[in-house]
Amino acid sequence: MQADFYDVRRCEIENRAFAIEDKKIERVSSSFDHFTVVRAFLDGGWGIVSSSSDPDEEAVLKDAIKLAKLSSKRSKKIHLKRYEIKDFKQKIEGKLLREEDELSILREIEESAKIDERIKNTKVFFSSSRMKVLYKNDHHEEFYDLCRSGYSISAIAKEDGEMQYGAEREYGIKGSDIIEGDRPHILAKKAADMSIKLLKASSPPSGKKRVILDQELGGVFIHEAVGHATEADIVLAGDSILEGKMGKRIGSEMINVYDDPTMMEYGYYPFDDEGIIPKRRTLIEDGVLKGYLHNRETASVLKKEPGNGRADGDEVPIPRMSNTFIGDGDMKFEELLELVSDGVYLCGSRGGEVSTAEGLFHFNATKGYIIRKGEIGEMVKDVSLSGNTLETLKRIVGVGNDLKINGGHCGKEGQTVPVGSGSPHLVISSCLIGGE
Amino acid sequence: MKSSSRGFGIRVSYGGNFGFASTDDEKDLEKRIDAAKKNAKLKGRDEDWKGFVGAEEDKDKRREKVEGIYDRDIVDLNGEEMIEFVESLMEGIKSVKGTFPIGGEVSTQEEQFKIINTNGIEEEEKRTMIYGSAEASFRDDGMNSAYDFAISRDLNIDFEEIGRNAANLAKNSANGKKIRSGRYDLVLSPLAVSELFDNIFIHAINGEEVMKGRSKFSNIGEEVGNAGLTILDDGLFKGGCGTASFDDEGFPSGKNYILDEGILKNFIYDSYTAGKEGKKSMGNAVREDYSSFPEIDVRNLIVAHNNVGDPIEETRDGILINSFIGAHTSNEITGDFSLEGKNAFKVERGEIKYPIKSLMVYGNFFDLLKAIVIAGRDIKMVYDIITPSILVEDQRVI
């Protein structure tokens, strides 16, 4: 038996992680993993076999073909499109410091967070991983070698029985030198300062309000509420609010949304986990839905271009985002404040969840500020926002000119991949805010 | 898809501390042991590090063997049979008119766990797991989706029922109405209960978090829950997801009361954190896989109440919530949460009346613990949390 298509992905991942808490090194760990995944496609069915040992590729391929044959009996008979791709090799050097030096820098960063006696607990977490990926199928071969690193700083402040938390993080396509320079110290102070200010913050009034989202929360909104709904596997499963909306207006004319794996942000990759060299995709243009995100299979079904097939470790590549963001508008932040006049300015994200089928979202901001007469007022805490994705997209009435992309991790079907999400400041004319 | 992996998680006690390293390559083992040694050295001396779990600890306990964690029938399943299970999920969905499947998954796992240390621990155990889940949707003027799943260590899952449950829930959620903001009694289904416990309670009872002052709980003996509420962490629970003869440091599993009739009885510890407090491990060191560091976690957290009945029947004016959207956004330290309810229904005079379109629950988990008054009989294993549905009085809903 011969497969209609097969490919082999081999990865080597070297990872190290440190955690320092209250000046004590709580964790030092290092790991080394490698695996090989062989996929075969036959008569519409996939067979996938992965192994952490160094397997005999031919034997594994035979095994994968057997599984493909089995699943093909119940599969729709789709034809998997082939692509001409040239051999490719890329190495992005990441500077790696000595572990002793990393630890002493991290200790100094933690020290920077101790700005006040009210700061009762501080924590710094750092991880750096180097990944070598070899992809091949029956007619070409690709390779990359890439470093990703990141750190987070968190602080807990206590006063009069009240306890609050502040955190900052940064991730990038970088070596461990991401922790060098002033920036981590500035972020450490920022995290601590936030935890202290939140001690005195009150809860915001709940109800429908006019709001500004900062770049981080705007990025989370576009990633969670819109981005996931453009993933073609979700669309094909009938689980997306954006199904059947291609070419239609789904939001304010001010909104342009892109997914760009070629940007040197945390979601960057030279080729995806199916060997496709990716391109920037326009998801929404002037409020009109323009594109979905595809892997090889969904692209074949919907006759579109792949390039977003990503996998966590030895899992199956599925359509995923890379660096997803709302493009810049032309308004200054002050103009946005004036536009809101009375409302709430919501900043940062403490996570959120979305139901892509119903188009409902719920996010928690890390903090907010009351806006009165176009001026930023007092800080508020424990503020969440929720609503309907499509209604909210239509209610975007102001887009700033200050796009910023933040690195983070995105989970889907138990697979976690590095991504970037971003936005300029946004004004939403009405949104349900929760607080006290 | 088929996948196999095998690897080594190594902890080395060296220079007054321990270091961790892992590898999936046996040839690489010597090098990784050196790496773990170096990691121990980088951390420096730690007065609280008292070494690994020893074989002499709880000798009598060590003989207790657990039941129901390995089923040969799961291992023997072939690809054809697995596909039939997926088809059963789909059949279940199709049996409910007008619904269609969003997805379905069946997976099995066979795990062989072995732990050896220089204090004489040498333990080995085989475990199996089977999991099935289905997501279905039903269209009205919008879309309604719902999800159900089951997990088991032996081959006794009714896949068709999972599909049918998801489809019924999706269909019943259609044409939801809005409700007035106010205070209501809530009936939380096992999934909704487990989401709150998973994101807040497990943090609050973690011995390390308590020690560092990051938990709402501090004093054993304090009354923290409703007087009828008892919560147990049981590493020996028959057929549980977290069941094993020993924890992931080799410490023998046991049965520990966390709350006994509302009174806080114990926190959970691994051997290192317990040692800091001059206590013994509670058998709560858990590793995700060989490459992950052992962390403090529950084994099988069992939620029970003295007052057992039908929470829906006991509700005069309330809301049934099947799950929450975004439970991980809850504040694990203060217990505050504001969460959107999914697949929610209005309950009046003991009966489910109509689906609710969108609602938000504003609450505090620690207040909610005191307001749990009745537990149902519909006990479900949601991974490492085993719980019935519960009735919680007087919560704020918008």
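Residues numbered from 1 in each chain as written. Chains lettered and ligands numbered in written order. Predicted model: local features only at pLDDT ≥ 70, side-chain atom pairs only at ≥ 80, totals over all residues.

1. Some words on the overall build of chain B
Heads up, the condition is: Runs of E in the DSSP output that reach at least two residues are strands. Runs of H or I that reach at least four are helices, and both are numbered from the N terminus. A radius of gyration in this sense is built from C-alpha atoms; the matching globule rule multiplies 2.2 Å by the number of residues raised to 0.38. Burial is judged by counting the other C-beta atoms within 10 Å of a residue's own C-beta: 20 or more makes it buried, 12 or fewer makes it exposed, and any count in between marks it as partly exposed, with every C-beta position built from the backbone. Residues are treated as contacting if the C-beta atoms built from their backbones sit within 7 Å of each other.
When its secondary structure is counted, chain B shows 8 helices and 21 strands. Against the 2.2 N^0.38 benchmark of 21 Å for 398 residues, chain B shows a C-alpha radius of gyration of 23 Å, consistent with a compact globule. Burial statistics for chain B: of 398 residues in total, 51% are counted as buried. A sequence separation of at least 24 residues applies to 70% of the contacts in chain B between residues at least 6 apart.

2. Considering the packing of helix α1 (residues 57-72) of chain A against helix α3 (residues 79-94) of chain B
Selection criterion: Note on geometry: axes are C-alpha line fits, over the in-contact stretch for helices, and angles between N-to-C directions span 0 to 180 degrees. Should the near helix be turned anticlockwise from the far one by less than a right angle, the crossing is termed left-handed; should it be turned clockwise, right-handed. Nonpolar residues are Ala, Val, Leu, Ile, Met, Phe, Trp, Tyr, Cys and Pro. Charged residues are Asp, Glu, Lys and Arg, and all others, Gly as well, are polar.
As a packed pair, α1(A) and α3(B) sit with axes 10 Å apart at the nearest point and diverge in direction by 35°. Taken as a pair, α1(A) and α3(B) cross one another with a handedness that is right-handed. Contact with α1(A), carried on its side by A:Leu67, A:Leu70 and A:Ser71, involves B:Gly79, B:Glu80 and B:Ile83 of α3(B) and no other residues of that element. Here the residues of the contact of α1(A) with α3(B) are counted per class, giving 3 nonpolar, 2 polar and 1 charged.

3. What to know about the domain arrangement of chain A
Residues and elements named next belong to chain A. Inclusion rule: Note that the domain bounds were set by an automatic or database domain assignment.
According to the domain assignment, chain A contains domain 1 (5-199) and domain 2 (207-434). Here domain 1 and domain 2 have C-alpha centroids that lie 22 Å from each other. Of all the secondary structure elements, the ones that give two or more residues to the side of domain 1 that touches domain 2 are β1 (5-21), β2 (24-42), β3 (45-51), β4 (88-91), β5 (119-137), β6 (141-159), β7 (162-172) and α3 (183-199). Top element by residues in the side of domain 1 that touches domain 2 is β6. It accounts for 4 residues. In terms of residue class, the side of domain 1 that touches domain 2 is made up of 14 nonpolar, 6 polar and 7 charged.

4. Observations concerning the sheet that holds strand β23 (residues 415-423) of chain A
Residue and element names in this part refer to chain A. Heads up, the condition is: For two strands to count as paired, DSSP must find a minimum of two bridges between them.
As summarised here, the arrangement of the 6 strands in space is β11-β10-β9-β14-β23-β22, forming an open sheet in which the pairing is mixed. One side of each edge strand has no neighbouring strand; the edge strands of this open sheet are β11 (288-289) and β22 (404-412). The pairing of strand β10 (residues 281-285) with β11 spans 2 bridges and is classified as antiparallel. Paired with isoleucine 284 across the bridge in β11 is leucine 289. Relative to the sheet, helix α4 (residues 215-227) contacts β9 (257-259), β14 (323-326), β22 and β23, its axis offset from that of β23 by approximately 125°.

5. A look at helix α4 (residues 159-172) of chain B
All names here are of chain B. So the rule is basically this: Helices are assigned an expected span. That span is 1.5 Å times one less than the residue count.
In this model, α4 (14 residues) spans 20 Å end to end at C-alpha, consistent with the 20 Å of a helix rising 1.5 Å per residue. With 11 of its 14 residues buried, α4 lies for the most part within the structure. Of the residues making up α4, those classed as buried are Phe159, Glu160, Ile162, Gly163, Arg164, Asn165, Ala166, Ala167, Leu169, Ala170 and Lys171. Looking at the packing, one finds that the buried side of α4 touches α3, β4 (99-116), β5 (122-139), β6 (143-152), β14 (317-325) and β15 (336-348).

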